[in-house]
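# Architecture at a glance
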Amino acid sequence: MIGAIAAGNAVVLKPSEIAPATSKLLATLIPRYLDNSVIKVVEGGIAESTQLLEHKWDKIFFTGSARVGKIIMSAAAKHLTPVTMELGGKCPTIVDSILNKKELVVTAKRIAFGKWSTNNGQACLSPDYLLVGEKFAETLIEALKRTIERFFGEDPSTSGDISRIVNQNQFLRLKKYLEDPSIAQSVVYGGKYDESKLYIQPTILLDPPLTSEIMNDEIFGPLLPVITLKRIEESIDFINSRPKPLCIYLFSNNKDLKERVASETSSGSLAVNDTIIQFALDTLPFGGVGESGFGMSHGKFSFDTFSHPKGILYRGLFPDFTLRYPPWNEFKLGFVKAFLQFDYFNLILLWLGLKK
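Residues numbered from 1 in each chain as written. Predicted model: local features only at pLDDT ≥ 70, side-chain atom pairs only at ≥ 80, totals over all residues. Heavy atoms only, no water.

### What to know about the overall build of the chain
Looking only at helices and strands, the chain has 13 helices and 14 strands in total. Radius of gyration (C-alpha) of the chain: 27 Å, far over the 21 Å computed for a compact globule of 356 residues. The principal-axis extents of the C-alpha atoms in the chain amount to approximately 90 × 55 × 35 Å. The buried share among the 356 residues of the chain stands at 39%. (Helix = DSSP H or I, 4+ residues; strand = E, 2+ residues; numbered from the N terminus. Rg over C-alpha atoms; globule rule 2.2 N^0.38 Å. Buried < 20%, exposed > 50% of the residue type's maximum accessible area, 1.4 Å probe, protein only.)

### Re the environment of Leu-210
Of note, Leu-210 is situated in the loop between strand S10 (203–206) and strand S11 (223–229). Considering only alpha carbons, one finds Leu-210 and Ala-4, 206 residues apart in sequence, at a separation of 41 Å. Dropping the residues within four chain positions of it, Leu-210 is found in contact with Met-215, Asn-216, Ile-227, Phe-238 and Arg-242. (Contact = heavy atoms within 4.5 Å.)

### Thoughts on the sheet that holds strand S5 (residues 91–95)
Strand order across the open sheet formed by seven strands is S7-S10-S11-S6-S5-S12-S13, with mixed pairing between neighbours. Of all the strands in the sheet, the pair left with one neighbour each is strand S7 (187–189) and strand S13 (269–272). Each neighbouring strand pair of the sheet contributes to a mean axis angle of 25 degrees, computed without reference to strand direction. For S10 and S11, the ladder comprises four bridges, and the chain directions are parallel. The residue bridging Ile-204 from the neighbouring strand is Leu-224, located in S11. Running at roughly 170 degrees to S10, helix H6 (residues 137–152) makes contact with S5, strand S6 (127–133), S7, S10 and S11 of the sheet. (Pairing = 2+ DSSP bridges. Axes fitted to C-alpha atoms, helices over the stretch in contact; angles between N-to-C directions.)

### Brief notes about the environment of His-298
Along the chain, His-298 turns up in the loop between strand S14 (293–294) and helix H11 (300–305). Its relative accessible area of 18% is what places His-298 among the buried residues. When the C-alpha atoms of His-298 and Gly-44 are compared, they prove to be 26 Å apart, with 254 residues separating the residues in sequence. Setting aside its immediate chain neighbours within four residues, His-298 contacts Phe-279, Asp-282, Leu-284 and Phe-286. One polar contact links the side chain of His-298 to the main-chain carbonyl oxygen of Phe-279, over a distance of 3.2 Å. (Polar contact = N/O pair within 3.5 Å; in protein donor to acceptor, adjacent residues only side chain to side chain.)

### Some details on the packing of helix H5 (residues 101–117) against H6
Running from N to C, H5 and H6 point in directions that differ by 60 degrees, and their axes come no closer than 9 Å. One finds that H5 runs oblique with respect to H6. The chirality of how H5 crosses H6 is right-handed. Together, Leu-104, Ala-108, Lys-109, Ile-111, Ala-112, Phe-113, Trp-116 and Ser-117 of H5 and Thr-139, Leu-140, Ala-143, Leu-144, Thr-147, Ile-148, Arg-150, Phe-151 and Phe-152 of H6 make up the contact between the two elements. Tallied by class, residues from the contact of H5 with H6 come to 12 nonpolar, three polar and two charged. (Parallel < 35°, antiparallel > 145°, perpendicular 65-115°, else oblique. Left-handed = near helix turned anticlockwise from the far one by under 90°. Nonpolar A, V, L, I, M, F, W, Y, C, P; charged D, E, K, R; others polar.)

### With respect to the sheet that holds strand S3 (residues 60–63)
With mixed pairing, three strands are arranged side by side in an open sheet as S3-S4-S14. Bordering the open sheet on either side are S3 and S14, each of which pairs with just one other strand. Pairing of S3 with strand S4 (residues 83–86), which is carried by four bridges, proceeds in the parallel orientation. Each bridged residue has a counterpart across the sheet, and for Phe-61 the counterpart in S4 is Thr-84.

### Structural notes on the packing of helix H12 (residues 330–340) against helix H13 (residues 344–351)
In contact at an axis separation of 8 Å, H12 and H13 are set at 155 degrees when each is read in the N-to-C sense. Taken together, H12 and H13 sit at an angle that is classed as roughly antiparallel. The hand of the H12/H13 crossing is left-handed. Packed against H12, whose contacting residues are Phe-331, Gly-334, Phe-335, Ala-338 and Phe-339, the element H13 presents Asn-346, Leu-347, Leu-350 and Trp-351 at the interface. By residue class, the composition of the contact of H12 with H13 is seven nonpolar, two polar and no charged.

### Looking at the pairing of S3
Only one face of S3 is covered, namely the face carrying Ile-60 and Phe-62; the face carrying Phe-61 and Thr-63 is uncovered. The parallel pair S3 and S4, bridged by helix H4 (residues 66–77), forms a crossover whose chirality is right-handed. (Right-handed = clockwise from strand over helix to strand, strands pointing away.)

### Here we look at unusual backbone geometry
With an omega of 0 degrees, the peptide bond between Phe-318 and Pro-319 qualifies as cis. Position of Pro-319 among the secondary structure elements: in the loop between H11 and H12. Along the chain, Pro-326 connects to Pro-327 via a cis peptide bond; the corresponding omega equals 0 degrees. The backbone phi angle of Leu-80 is positive, close to 55 degrees, even though this residue is not glycine. Inspection of the secondary structure assignment puts Leu-80 in the loop between H4 and S4. A positive phi angle, close to 70 degrees, is found at Ile-276, a residue other than glycine.

### Considerations on the side chain of Lys-332
Take Lys-332: it is sitting in helix H12. Notably, Lys-332 is buried but unbridged: the nearest opposite-charge side chain belongs to Asp-320, and the N-O separation is 11 Å. A polar side-chain atom of Lys-332 sits 3.0 Å from the main-chain carbonyl oxygen of Pro-327. If we ignore the near neighbours within four places in the chain, the residues touching Lys-332 are Thr-322, Leu-323, Tyr-325, Pro-326 and Pro-327. (Lys, Arg positive; Asp, Glu negative; His and termini not counted. Salt bridge = Lys/Arg side-chain N within 4 Å of Asp/Glu carboxyl O.)

Put into structure tokens, the structure is as follows:
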């Protein structure tokens, strides 16, 4: 919204009804501090969103699921309204085994921060699953267990530092994953939940079936699958066999692996040896590619997204060269050819009348 305002636009903001407290806060504070005649907040659900989409807008910027994104794109197409889509998806995290003990501790902390400290996995940029070498998986899982307990205590349900699930529907969706027998048997840490408090424990799963829902839908919660590979280089083909993610995370000191992941995969962004933090850098574009979205935002990129670069030419009426006008002849054609070919020598000869 800052980019839209900076670019000189009026704005209608429609917060998600899934987070009613946040929606209410925005609807209260924005009119209090900003010009309500050009910046409006519209609260509501599907009915209100549908009404908004019936109008012709200069630009629509949407953050949410691919399913809803398709609905919005269809509505925008009726008016040929340009759209920017930030659709999330499954963000893979590759963890190379070439890490010493100190580096392993930092890696586990940064993964846990990105997954559980950031809204308990309820963020489009949260690590969705890990890709690790099969011999390194146990070491990494043990490091993650220790980190979770260091962050949130032995019983995270008593911690004030971990988020609850945003609403009942999302809780039941995540609970359904855990109730799937094939998923339940892959749980190696956590798995507890309390529906009355919308609480789900940070949970690690080892090699859940790749055909299961949890490995094909965006998890958007505190469940973290760990997928093992014979060689970490196989992670590139694994990622490329699936929809393009919003972000890929890579933890490695291997220069060749870093270069291969950067050049051989496609994603909205790539973060090496950290998670989430790239979102805070306004000098980097934020956005997806393919099914994870399109268009960019943050910093100057937001300004550009909500701007229209208009080309303007000013020139005088003289001199006015007759070469550009009919009737055409060989002399004019030769002049045009020399101009297009940057053949300045022949241009001069033609201009001086020394060549026909």
